[in-house]
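Listed here are the chains, written in short residue letters.
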Amino acid sequence: MDLFIKKLLKNELFNGFTLQELKIILEPDSCIIGRYKKNSVIMQQYDKCNSIGFIIEGELSIEQLSLSSDTIKIRTFKSGDCFGEALLFSPKPFYPYTLITLTDTVILYIPFSQVESMLKKSFAFNTNYISSLSKRILMFTNKIQILSQKSVRKKLILYFSKESMRAGSLTFKLRHSKTAIAELIGVARPSVSREIKQMSSDQLLVVKRDIIIILKPQSFKIHLNNDTV
């Protein structure tokens, strides 16, 4: 169990914690270790959530069933990520998504009752928890904004706009693979490759391996103090 607890320090909820400080607020006996094979369904959408799951090893796909019965891939969780924290104080703590393993996966579950105790014991844990929730809200807001765009080009324009503003430049290195971008904007990977190539042909941007140079910022939703290429 000590090895698993040590790996919790990779999660942002425990930023700034030492192993000893973590052990002071955590009760290991209340934790549960789950081991899953690749392609296992860990939780179904609408299952009740009563703990936070910390991914110790492996990867999970987060998928959601839309009103039209289509499955939308929300994102991928990897070692160091966690899920369920936003449901801690929810009056209806049911998973809004389905969790499926992409590889053999190990998860450490901390029950909500234990998490509430940790929040009472540690101001630092409180601060990290609020910060994590704020980032999660922003991420899903951005996701919804991108998914609401009607065409692949509009989705990519919004994605590249946000990446450019994040980098503070019209020239930036892609943080995601084309497969990950397709997942983020909710389209098929070939559509991403095809549209990026077309945007390059239309001289909206230049692609140099994993570097993007935006040529026509007026075509993107970009507001930089110092636009530099």
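This is a predicted model, so every value here is computed, not measured.

S.K.: I'd like a rundown of the sheet that holds strand β3 (residues 51-57), residues and numbers included.
M.R.: Judged by pairing direction, the sheet is antiparallel, and its 4 strands sit side by side in the order β1-β8-β3-β6 without closing on themselves. Strands with a single pairing partner mark the edges of an open sheet, and in this sheet they are β1 (32-36) and β6 (82-83). As defined by bridge partners, β1 adjoins strand β8 (residues 105-111) across 5 bridges and the pair is classed as antiparallel. In the sheet register, I32 faces β8, and the bridge partner there is Y109.

S.K.: Now, about the side chain of S122: what can you tell me, with residues and values included?
M.R.: Residue placement: S122 occurs in the loop between α3 (112-121) and α4 (123-147). Separated by 3.0 Å, the side chain of S122 and the backbone nitrogen of F125 make a polar contact. In this structure S122 touches F17 and I25, once residues within four positions along its chain are discounted.

S.K.: Please give an account of unusual backbone geometry that cites residues and values.
M.R.: The residue N39 is not glycine, and still its phi comes out positive at about 70 degrees. For N39, the position within the fold is in the loop between β1 and β2 (41-43). Here Q203, not a glycine, exhibits a phi torsion of approximately 60 degrees, which is positive. Of note, Q203 is situated in the loop between α7 (189-201) and β10 (205-208).

S.K.: Quick rundown of the pairing of β3? Include the residues and the values.
M.R.: Among the 7 residues that make up β3, 6 are buried, leaving the element largely enclosed by the rest of the structure. Pairing of β3 with β8, which is carried by 6 bridges, proceeds in the antiparallel orientation. By the bridge assignment, E57 is partnered in β8 with V106. With 2 bridges connecting them, β3 and β6 associate as antiparallel partners. Each residue of the ladder has a partner; that of F54, found in β6, is C82.

S.K.: Quick one: what's the story with the packing of helix α5 (residues 152-167) against α7, residue by residue and with numbers?
M.R.: Two elements in contact, α5 and α7, have axes separated by 10 Å at closest approach and are oriented at 75 degrees. Compared by their axis directions, α5 and α7 come out roughly perpendicular. For the pair α5 and α7, contact is made by V152, R153, L156, I157 and F160 and by S191, V192, E195, I196, Q198 and M199, respectively. The class makeup of the residues in the contact of α5 with α7 is 7 nonpolar, 2 polar and 2 charged.

S.K.: Account for the packing of aromatic side chains, with residues named and values stated.
M.R.: Using the criterion set out here, one finds 9 aromatic pairs in the structure. Here the aromatic rings of Y95 and Y97 are separated by 5.9 Å at their centres, their planes lie at 55 degrees, and the arrangement is tilted. For Y95, a relative accessible area of 1% corresponds to the buried category. Among the aromatic residues, those joined into a ring-pair cluster are F14, F17, F54, F125 and Y129.

S.K.: Go over the pattern of salt bridges, please, and point to the residues and values.
M.R.: For the structure shown, the criterion picks out 8 salt bridges. Note that E12 and K135 form a salt bridge whose closest N and O atoms lie 3.5 Å from each other. A residue pair is termed long-range when its members are at least 10 positions apart, and E12 in the loop between α1 (2-7) and α2 (19-25) and K135 in helix α4 qualify at 123 residues. With a relative accessible area of 47%, K135 lands in the partly exposed category. One salt bridge connects R153 with D202, and the closest N-O pair in it is separated by 2.8 Å. Of this pair, R153 sits in helix α5 while D202 sits in the loop between α7 and β10, and the two are 49 residues apart along the sequence. Given the relative accessible area of 23%, R153 is considered partly exposed.

S.K.: Residue-level account of the confidence of the model for the protein chain, with values.
M.R.: Close reading of the predicted structure is inappropriate where its pLDDT is low. Chain-level statistics for the protein chain give a pLDDT mean of 89 and a share of 94% at 70 or above. Segment residues 224-229: pLDDT under 50, and 13 contacts once partners within four positions in sequence are set aside and those in other chains are kept.

S.K.: Please set out helix α6 (residues 178-185) residue by residue, giving values where relevant.
M.R.: Because an α-helix packs 3.6 residues into every turn, residues spaced three or four apart end up facing the same way. Every buried residue of α6 is listed here: I181, A182, E183 and I185. Directly beyond the C-terminal end of α6, a positive phi value near 75 degrees is found at G186.

Rules of the game
- Residues numbered from 1 in each chain as written.
- Predicted model: local features only at pLDDT ≥ 70, side-chain atom pairs only at ≥ 80, totals over all residues.
- Heavy atoms only, no water.
- Pairing = 2+ DSSP bridges.
- Helix = DSSP H or I, 4+ residues; strand = E, 2+ residues; numbered from the N terminus.
- Polar contact = N/O pair within 3.5 Å; in protein donor to acceptor, adjacent residues only side chain to side chain.
- Contact = heavy atoms within 4.5 Å.
- Buried < 20%, exposed > 50% of the residue type's maximum accessible area, 1.4 Å probe, protein only.
- Axes fitted to C-alpha atoms, helices over the stretch in contact; angles between N-to-C directions.
- Parallel < 35°, antiparallel > 145°, perpendicular 65-115°, else oblique.
- Nonpolar A, V, L, I, M, F, W, Y, C, P; charged D, E, K, R; others polar.
- Phe/Tyr/Trp six-rings, centres within 6.5 Å; stacked < 30°, edge-to-face > 60°.
- Salt bridge = Lys/Arg side-chain N within 4 Å of Asp/Glu carboxyl O.
- pLDDT = per-residue confidence, 0-100.

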